[in-house]
Amino acid sequence: MTNHKAANSFSLGERTVNRLGYGAMQLAGPGVFGPPKDRNTALAVLREAVASGVDHIDTSDFYGPHVINQLIREALHPYPDELVIVTKIGAVRGEDASWNPAMTPAELTSAVHDNLRNLGLGVLDVVNLRFMGDGLGPSEGSIEAPFTTLAELQQQGLIRQLGLSNVTSAQIAEGRRIAEIVCVQNHYNLAHRDDDASIDSLAGDGIAYVPFFPLGGFTPLQSSTLSDVARRIGATPMQVALAWLLQRSPNVLLIPGTSSLGHLRENLAAAEIELPGETIAELDGIGKAGRSPAAH
Ligand SMILES: NC(=O)c1ccc[n+]([C@@H]2O[C@H](COP(=O)([O-])OP(=O)(O)OC[C@H]3O[C@@H](n4cnc5c(N)ncnc54)[C@H](OP(=O)(O)O)[C@@H]3O)[C@@H](O)[C@H]2O)c1
């Protein structure tokens, strides 16, 4: 069993979780739609993650849709007290697997109830409001109306804590004027570092930053520097990518996604890797090389 407690923990609002968690999105069928290709392995991945000490699982009822929450429930309910399940709302899936915004009060309310029912919970631990942005990343615009609705659902006792996903720093600031947020979930990894300033500022305020696509997402990261470092230290490139994120800032919580038991074990073992300063500097070059002129 992997001692991934070595990665330490960080607060997710009133809860404290291990910094290496698990993202469940990869358990659905192709395009995050429909059932898993191997249902028994999907259930085994969830059970092994928790048995190995994972106490933070990221999900959404729009994964599948419904499929992944139902798998989580089948694999893990009744949930251990220490497990924090973080879900997200703000989209619905079309029959063609499309992702469509669903931000009206009625849609958000129904999404919260879908998550409660499919996860088998009376109250959701953490709900992220996920914005569509421009399709690639966040885009500016007020989040007041939908986030106020979410805060009202929290006040009704359906949700313990709130977060934001795919948002700009202005939207984070606007959200924090409406309600307390405990986490931000945005696209970030070794090669995609638009959120560097946000991570540091959230760290100063004790708010968790949870990168999605920590391994590069549907096309895992490929870099000769990453491969060279991995070879030198006797790890895999994906383990180095996760170790780099763990050392990036103490408020970074990881939710690498996998449908494979072997990859799950490999990813959790990344907690034991300590990268020396000069190796971090070398890896930092990957993000600098890929940085767009508009990024900062
Ligand atoms: N808020 C949002 O908008 C948003 C968007 C995307 C994702 N998310 C959340 O973030 C989590 C993480 O993102 P993600 O799953 O999309 O991307 P990811 O963690 O960056 O990468 C997942 C991909 O890497 C592969 N992989 C995982 N471990 C590996 C290993 N050790 N070696 C080689 N390949 C490996 C997986 O394939 P295998 O299955 O074959 O291992 C999969 O193709 C998701 O699960 C989801 O919960 C949130």
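Model, not experiment: these values are computed from the prediction.

A. A look at the pattern of salt bridges. Here the structure, examined in full by the defined rule, presents 13 salt bridges. Across the pair Asp114 and Arg117 runs a salt bridge, and its minimum N-O distance is 2.8 Å. Highlighted residues: Asp114 and Arg117, both in helix α3 (residues 105–119), separated by 3 residues, approximately one helical turn. Judged by its relative accessible area of 49%, Arg117 falls in the partly exposed class. A salt bridge links Arg248 to Asp200, with the shortest nitrogen-to-oxygen separation between them at 3.1 Å. Here Arg248, found in helix α8 (residues 237–248), pairs with Asp200, found in helix α6 (residues 196–204); they are 48 residues apart in sequence, far enough to count as distant. Each member of the salt-bridge network shares a partner with another, and the members are Arg193, Asp196, Asp200, Arg248 and Asp284.

B. Focus on helix α5 (residues 169–178). Taken together, the buried positions of α5 are occupied by Gln171, Ile172, Glu174 and Gly175. Down the axis of α5, the smallest arc covering the buried residues is 165 degrees, so these residues share one side. Exposed and oriented more than 90 degrees from the buried face of α5 are Ser169 and Arg177. Contacts from the buried residues of α5 go to α4 (144–155), β9 (159–165), β10 (181–185) and α6.

C. Structural context of the sheet that holds strand β4 (residues 56–58). Spatial strand order, β3-β4-β5-β8-β9-β10-β11: 7 strands in an open sheet with parallel pairing. Each having just a single partner strand, β3 (22–23) and β11 (208–209) make up the two edges of the open sheet. Pairing of β3 with β4, which is carried by 2 bridges, proceeds in the parallel orientation. Counted as the bridge partner of Gly23 is Asp58 from β4.

D. Structural context of the layout of surface pockets. Here the largest pocket defines a volume of roughly 1,200 Å³. For the largest pocket, the lining is made up of 48 residues, of which Met25, Gln26, Phe213, Gly217 and Phe218 are closest to its centre. Counting only elements with at least two residues in the lining of the largest pocket, the list comes to α1 (39–51) and α9 (261–269). Top contributing element to the lining of the largest pocket by residue count: α9, with 3 residues. The residue inventory of the lining of the largest pocket, partitioned by class, reads 23 nonpolar, 19 polar and 6 charged.

E. Geometry of the pairing of strand β5 (residues 84–89). Most of β5 sits inside the fold, with 6 of its 6 residues counted as buried. Of the two faces of β5, the one carrying Val84, Val86 and Lys88 and the one carrying Ile85, Thr87 and Ile89 are both buried. As paired strands, β4 and β5 are joined by 3 bridges and run parallel to one another. When the sheet's bridge partners are listed, His56 is paired in β5 with Val84. Viewed along the sheet, the connection from β4 through helix α2 (residues 67–76) into β5 turns out right-handed.

F. The nonpolar core, seen in detail. With 82 residues, the main nonpolar core has Tyr22, Ile57, Ile72 and Leu150 as its most contacted residues. Here this core gets 8 residues from one element, more than from any other, and that element is α8. Contacts of Ile72, omitting those with residues within four sequence positions, involve Ala24, Leu46, Ile57, Thr59, His77, Tyr79, Ile85 and Leu119. Counting residues in hydrophobic clusters, the runner-up holds 12 residues, among them Val17, Val86, Val182 and Val210.

G. Layout of the environment of Gln185. Residue placement: Gln185 occurs in strand β10. Along the primary structure Gln185 and Thr41 are separated by 144 residues, whereas in three dimensions their C-alpha atoms are 27 Å apart. Aside from chain neighbours lying at most four places away, what touches Gln185 is Asp58, Lys88, Asn128, Leu164, Ser165, Asn166, Val210, Phe212 and Ile255.

H. Inspection of α3 at higher detail. Under the 1.5 Å per step criterion, the end-to-end length of α3 is 21 Å for 15 residues, consistent within 8% with the ideal 21 Å. Within α3 the residues assigned to the buried category are Leu108, Ala111, Val112, Asp114, Asn115, Leu116, Asn118 and Leu119. Buried-residue contacts for α3 involve α2, β5, β8 (124–130), α4 and β9. Phi turns positive one or two residues past the end of α3, at Gly120, with a value near 70 degrees.

I. Expanded view of the packing of α4 against α5. Put simply, α4 and α5 touch, their axes get as near as 10 Å, and they point 40 degrees apart. It follows that α4 is oblique to α5 by the angle criterion. Helix-helix and strand crossings are classified by hand; for α4 and α5 the assignment is right-handed. Residue-level contacts link Glu144, Phe147, Thr148 and Ala151 of α4 to Glu174, Gly175 and Ile178 of α5. Of the residues in the contact of α4 with α5, the class split is 3 nonpolar, 2 polar and 2 charged.

Reading the values: the criteria
Residues numbered from 1 in each chain as written. Predicted model: local features only at pLDDT ≥ 70, side-chain atom pairs only at ≥ 80, totals over all residues. Heavy atoms only, no water. Salt bridge = Lys/Arg side-chain N within 4 Å of Asp/Glu carboxyl O. Helix = DSSP H or I, 4+ residues; strand = E, 2+ residues; numbered from the N terminus. Buried < 20%, exposed > 50% of the residue type's maximum accessible area, 1.4 Å probe, protein only. Arc of directions from axis to C-beta. Contact = heavy atoms within 4.5 Å. Pairing = 2+ DSSP bridges. 1 Å grid on protein atoms, 1.4 Å probe; cavity = no way out; pocket = protein on both sides within 12 Å on 5 of 7 lines; lining within 4 Å. Points joined across faces, edges and corners; volume = space filled by probe spheres on them. Nonpolar A, V, L, I, M, F, W, Y, C, P; charged D, E, K, R; others polar. Right-handed = clockwise from strand over helix to strand, strands pointing away. Core = buried A, V, L, I, M, F, W, Y, C linked by side-chain atoms within 4.5 Å. Expected span 1.5 Å × (residues − 1). Axes fitted to C-alpha atoms, helices over the stretch in contact; angles between N-to-C directions. Parallel < 35°, antiparallel > 145°, perpendicular 65-115°, else oblique. Left-handed = near helix turned anticlockwise from the far one by under 90°.

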